[in-house]
Amino acid sequence: MDHSGGKSSLVIACGGTGGHLFPGLAVAEEWTARGGEVLLLISEKKIDQEAKRKYPQYRFETVPAIAKPATFSPKMLSFLAKLWSTKGRCGALLKEFKADAVLGMGGFTSLPPCWAAKRAGLPAFVHDSNALPGKANRLTSKFCRKVFIGMDPAKAFFPGMDVVQTGTPVRAEMRSLPGRKDAAAKFGLDPSKPTLLVTGGSQGARRLNSLVAMAFPDFPKGTQVLHIAGPLDEARVEQEAGARHGYRVIGFCDDMPSAYAASDAVLSRSGASSMTELSFLGLPSILVPFPYAADDHQTRNAEVFEKAGAAFLEPEGALDAAKLAARVTSLMSDLQTRERMAQAARSLAVPDAAARVCDAIEATLSRK
Ligand SMILES: CC(=O)N[C@H]1[C@@H](OP(=O)(O)OP(=O)(O)OC[C@H]2O[C@@H](n3ccc(=O)[nH]c3=O)[C@H](O)[C@@H]2O)O[C@H](CO)[C@@H](O)[C@@H]1O
């Protein structure tokens, strides 16, 4: 295979959650634009299977989603068995696809393909978008030639590894946002009114949803809310708040560019992909980390934005409806602060992250 022109075959393991899937798709877009071929490994989860429909130009294969049990229990045996059997299936797929390299976008679902690559003598790479890398990625990195990171603090967790700070890739559709008027119309909102986007990441955020619904009556008059409640909580939030004027509830949003384009500020969990999009688009935010995320990594993510002045960090444990309303009020009624935060957010963006990832893989392949 000719590696000089980027015609190589790349396997991208990006299943399990939006935070892994969308950056993986962004790399696929860049790799294929360079003339290469991709095979995307996704899980059986709904979000992954919907991506398969939305991107018919790519080849997808479904492999099991793998989650490590929190404590040592009999479930650990089935976890290990699943890792082993998935590694076998990935090995067969790499061979059949004539893969030149494997890129894992994170989580235990990335481990078997990177392990299989190492066994087959192929270069493997892992991308970690968080400030505090997870155990899965630290383990997966042992099979990898290079580790790509989204945020600077992650570097310290991969001692002795070839770590490249690439930033986290953003899908191409984020580069061409619709105008505010069209975007607002899509959600039945008034483009002339200040609008707050609420999102809990790809899986939603039940507690945050309830707080926003309770706090809304105390938001500044005229403020609209576009509330992405998550597929499992849509009906409940709709019942609690959906009938209010200027309050739009949706379950899963398959058009995030429009959601961002319609909004002046964002109240969000601090998943790395959502935050990457906020910095790429220069949106001020209030970040409420998911308190049960592994090793509290969402708090570490949010601290990076808070330190840069790009976001207000509000720990969920200390948040009630009154405090949330006060925070939203101070943000929505102060254009200067929003502009300052937007600029700080932009300063954290790495707009060519997908290109940096592809450059680093190509550099390794050309030395093979
Ligand atoms: C609960 C949890 O542990 N979540 C983790 C998960 O991300 P998780 O998928 O929860 O969240 P992220 O914020 O990283 O990514 C969400 C992605 O889904 C998209 N989106 C979201 C909602 C929607 O309706 N439509 C839609 O397209 C967003 O635009 C974004 O691209 O992996 C990330 C990357 O390791 C971590 O940083 C997160 O902490």
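Residues numbered from 1 in each chain as written. Predicted model: local features only at pLDDT ≥ 70, side-chain atom pairs only at ≥ 80, totals over all residues. Heavy atoms only, no water.

### Digging into the layout of surface pockets
In this structure, the second largest pocket spans a volume of roughly 230 Å³. Considering the residues around the second largest pocket, the lining is formed by 19 residues, among which Gly150, Met151, Ser279, Leu348 and Val350 are closest to the centre. At the level of elements, α10 (272-281) and α11 (297-308) are the ones that each hand at least two residues to the lining of the second largest pocket. At five residues, the largest contribution of residues to the lining of the second largest pocket is made by α10. Tallied by class, residues from the lining of the second largest pocket come to 11 nonpolar, seven polar and one charged. Counting contributing residues per domain, the lining of the second largest pocket is built from domain 1 (9-169 + 351-366) and domain 2 (174-347), each supplying no fewer than three. (1 Å grid on protein atoms, 1.4 Å probe; cavity = no way out; pocket = protein on both sides within 12 Å on 5 of 7 lines; lining within 4 Å. Points joined across faces, edges and corners; volume = space filled by probe spheres on them. Helix = DSSP H or I, 4+ residues; strand = E, 2+ residues; numbered from the N terminus. Nonpolar A, V, L, I, M, F, W, Y, C, P; charged D, E, K, R; others polar. Domains from an automatic or database assignment.)

### Overview of empty space enclosed by the protein
In total, this model carries one cavity of 30 Å³ or more according to the counting rule given. Approximately 40 Å³ is the volume found for the largest cavity. Every residue along the wall of the largest cavity is listed here: Phe22, Pro23, Thr168, Pro169, Val170, Arg171, Ser273, Thr276 and Glu277. For the lining of the largest cavity, the leading source of residues is α10, giving three residues. Across the lining of the largest cavity, the residue classes break down as four nonpolar, three polar and two charged. A domain-level breakdown of the lining of the largest cavity finds at least three residues from each of domain 1 (9-169 + 351-366) and domain 2 (174-347).

### Quick word on helix α14 (residues 353-366)
With 14 residues, α14 should cover 20 Å at 1.5 Å per step; its first-to-last C-alpha distance of 20 Å lies within 8% of that length. Restricting attention to buried positions, one finds in α14 the residues Ala353, Ala354, Ala355, Val357, Cys358, Ala360, Ile361, Thr364 and Leu365. Next to the buried residues of α14 lie β1 (9-13), α1 (18-33), β4 (101-104), β5 (124-128) and β6 (146-149). (Expected span 1.5 Å × (residues − 1). Buried < 20%, exposed > 50% of the residue type's maximum accessible area, 1.4 Å probe, protein only. Contact = heavy atoms within 4.5 Å.)

### Quick word on the site of the ligand
Surrounding the ligand, one finds 25 residues, the nearest of these being Thr17, Asn130, Ser202, Ser274 and His297. Gly19 has a polar backbone atom sitting 2.9 Å from an oxygen atom of the ligand. With respect to the ligand, the side chain of Arg171 contributes an N or O atom lying 2.9 Å from an oxygen atom. Notes on the ligand: free accessible area 760 Å², of which the protein chains cover 92%. When contributions to the shell around the ligand are tallied by element, the ones reaching two or more residues are α1, α9 (256-261), α10 and α11. Per-class residue counts for the shell around the ligand are eight nonpolar, 15 polar and two charged. Two domains share the shell around the ligand, each providing at least three of its residues, namely domain 1 (9-169 + 351-366) and domain 2 (174-347). (Near = heavy atom within 4 Å. Polar contact = N/O pair within 3.5 Å; in protein donor to acceptor, adjacent residues only side chain to side chain. Areas by Shrake-Rupley, 256 points an atom, 1.4 Å probe, with all protein chains shown as cover.)

### Some thoughts on the pairing of β4
Alternating residues of β4 divide into Ala101 and Leu103 and Val102 and Gly104, and every residue in both groups is buried. Bridging between β4 and β5 involves three bridges; their strand directions are parallel. Bridge pairing in β5 places Gly104 opposite Val126. Between the parallel elements β4 and β5, the chain passes through helix α4 (residues 111-119) in a crossover that is right-handed. (Pairing = 2+ DSSP bridges. Right-handed = clockwise from strand over helix to strand, strands pointing away.)

### Overview of the UniProt feature "domain: Glycosyl transferase family 28 C-terminal" (unreviewed entry) in the protein
UniProt records the feature "domain: Glycosyl transferase family 28 C-terminal" (unreviewed entry) for residues 195-356 in the present numbering. In residues 195-356, helix accounts for 47% and strand for 15%; the two terminal C-alpha atoms are 34 Å from one another. (UniProt positions renumbered as here; feature names shortened; annotations may be inferred.)

### Things to note about the domain arrangement of the protein
Accessible area lost upon the coming together of the parts serves often as the stated size of an interface. Splitting the protein by domain gives domain 1 (9-169 + 351-366) and domain 2 (174-347). On the domain 2 side, the residues contacting the 17 residues of domain 1 number 15 residues. Roughly 1,300 Å² of surface becomes buried between domain 1 and domain 2 when both sides are summed, with 58% attributable to carbon and sulfur atoms. On the domain 1 side of the contact with domain 2, Leu132, Met151 and Pro351 bury the most area, a combined 35% of that side's loss. There are two salt bridges connecting domain 1 and domain 2. A salt bridge links Asp295 to Lys135, with the nearest nitrogen and oxygen atoms 3.6 Å apart. Counting every contact that joins domain 1 to domain 2 gives five residue pairs in polar contact (both at pLDDT 80 or more). Within the residue set of the side of domain 1 that touches domain 2, elements represented by two or more residues are α1, α2 (46-54) and α5 (135-140). Ranked by residue count, the leading element in the side of domain 1 that touches domain 2 is α1, at four residues. Partitioning the side of domain 1 that touches domain 2 into residue classes produces eight nonpolar, six polar and three charged. (Buried area = accessible area lost by both parts, 1.4 Å probe. Salt bridge = Lys/Arg side-chain N within 4 Å of Asp/Glu carboxyl O.)

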